Amino acid sequence: MRPAIHIVLAAVIGLGPAGLIGGYLMLSPAGDEEGSRIDRAAAASERMDGARLYAEFCAACHGARLEGQPNWQQRKPDGRLPAPPHDATGHTWHHGDEVLFRITKFGPAAIVEGYKSDMPGFADILSDDKIRAVLAFIKSTWPEREREYQELRTRAERGRAAR
């Protein structure tokens, strides 16, 4: 597991907000541009909120370490799939931001009509900003290769939407 996840989980569980903000600020890459510290602090705050929200609303099914449920690619007796991992071993990073947002807000059937899933939509529970914070946290745990691929998927989604 990446050290960043250990820091986030430890902070969410017991170190409190100050430890979490400090951990993220230490892990955030340094920038050369004016205002980069403010940008990093804002991003760290969003990831901190996302980590807290993930622990509260997502970890019960998707795992405290984003590991998903066992045998997540094999259907259960009811025909539904277990919750997939959100770490690099899963497929979350194969989707662009808009797809991930719609799945989180409205449930998987928003993307695949008629799809049966145990995952509810969170439209009545989490604001759009909170959903984006959870997704920012999840994405922050991925290795660079997965983050770059997911960013390409996001750009492709935006290109299709602009047509």
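Preceding this paragraph is the structure being described.
What counts as what
Residues numbered from 1 in each chain as written. Predicted model: local features only at pLDDT ≥ 70, side-chain atom pairs only at ≥ 80, totals over all residues. Heavy atoms only, no water. Axes fitted to C-alpha atoms, helices over the stretch in contact; angles between N-to-C directions. Helix = DSSP H or I, 4+ residues; strand = E, 2+ residues; numbered from the N terminus. Parallel < 35°, antiparallel > 145°, perpendicular 65-115°, else oblique. Left-handed = near helix turned anticlockwise from the far one by under 90°. Contact = heavy atoms within 4.5 Å. Nonpolar A, V, L, I, M, F, W, Y, C, P; charged D, E, K, R; others polar. Core = buried A, V, L, I, M, F, W, Y, C linked by side-chain atoms within 4.5 Å. Buried < 20%, exposed > 50% of the residue type's maximum accessible area, 1.4 Å probe, protein only. Lys, Arg positive; Asp, Glu negative; His and termini not counted. Salt bridge = Lys/Arg side-chain N within 4 Å of Asp/Glu carboxyl O. Polar contact = N/O pair within 3.5 Å; in protein donor to acceptor, adjacent residues only side chain to side chain.

Some remarks on the packing of helix α4 (residues 97-106) against helix α5 (residues 128-140)
Axes are the key here: two packed helices are described by the angle between their axes and the distance separating the axes.
Argument step 1. For the pair α4 and α5, the least separation of the axes is 10 Å and the interaxial angle reads 120°. Judged by the inter-axis angle, α4 sits oblique to α5. Taken as a pair, α4 and α5 cross one another with a handedness that is right-handed. Across the interface between the two elements, Asp97, Leu100, Phe101, Thr104 and Lys105 from α4 touch Asp128, Ile131, Arg132, Leu135 and Lys139 from α5.
Argument step 2. In terms of residue class, the contact of α4 with α5 is made up of four nonpolar, one polar and five charged.

Things to note about the nonpolar core
Argument step 1. By size, the foremost hydrophobic cluster in this structure holds 17 residues, and its most contacted members are Tyr54, Val134, Phe137 and Ile138.
Argument step 2. When residues of this core are traced back to their parent elements, those giving at least two are α2 (36-57), α4 and α5.
Argument step 3. The residues contacting valine 134, other than those within four sequence positions of it, are Gly50, Leu53, Tyr54 and Cys58.

Remarks on the side chain of glutamine 150
Argument step 1. Secondary-structure assignment places glutamine 150 in helix α6 (residues 144-162).
Argument step 2. Here glutamine 150 is in contact with Trp93, His95, Gly96, Asp97, Leu100, Lys139 and Trp142, once residues within four sequence places are set aside.

So, the side chain of glutamate 157
Argument step 1. Structurally, glutamate 157 can be placed in helix α6.
Argument step 2. Arginine 160 provides the closest opposite charge to the buried, salt-bridge-free glutamate 157, at an N-O distance of 5.0 Å.
Argument step 3. Among the polar contacts listed, one links the side chain of glutamate 157 to the backbone nitrogen of valine 99, at a separation of 3.3 Å.
Argument step 4. Once residues lying within four places of it in the same chain are set aside, the contact partners of glutamate 157 are His95, Gly96, Asp97, Glu98 and Val99.

Quick notes on the environment of threonine 92
Argument step 1. Mapped onto the elements, threonine 92 comes out in the loop between α3 (59-62) and α4.
Argument step 2. Relative accessible area serves as the criterion here: at 6%, threonine 92 is assigned to the buried category.
Argument step 3. Through-space distance from the C-alpha of threonine 92 to that of leucine 135 is 9.9 Å; in sequence the pair is 43 residues apart.
Argument step 4. When near neighbours in sequence (up to four residues on either side) are disregarded, threonine 92 contacts Pro85, His86, Leu100 and Trp142.
Argument step 5. For threonine 92, the side chain forms a polar contact with the side chain of histidine 86, separated by 2.6 Å.

Some thoughts on the environment of proline 120
Argument step 1. Turning to its location among the elements, proline 120 is positioned in the loop between α4 and α5.
Argument step 2. Given a relative accessible area of 43%, proline 120 falls into the partly exposed group.
Argument step 3. Taking the C-alpha atoms as reference points, proline 120 and lysine 105, 15 residues apart in sequence, are found 8.4 Å from one another.
Argument step 4. When sequence neighbours within four positions are dropped, the list of residues in contact with proline 120 reads Thr104 and Gly107.

Some words on the pattern of salt bridges
A side chain of one charge can pair with a side chain of the opposite charge if their charged atoms are brought near each other.
Argument step 1. Scanning the model with the defined rule gives 11 salt bridges in all.
Argument step 2. In this structure, lysine 105 and aspartate 128 form a salt bridge, with 2.7 Å as the shortest nitrogen-oxygen distance. On the criterion of sequence distance, the pair formed by lysine 105 in helix α4 and aspartate 128 in helix α5 is long-range, its members being 23 residues apart.
Argument step 3. We classify aspartate 128 as partly exposed; its relative accessible area is 28%.
Argument step 4. For arginine 155, the salt bridge identified is with glutamate 151, shortest N-O distance 3.4 Å.

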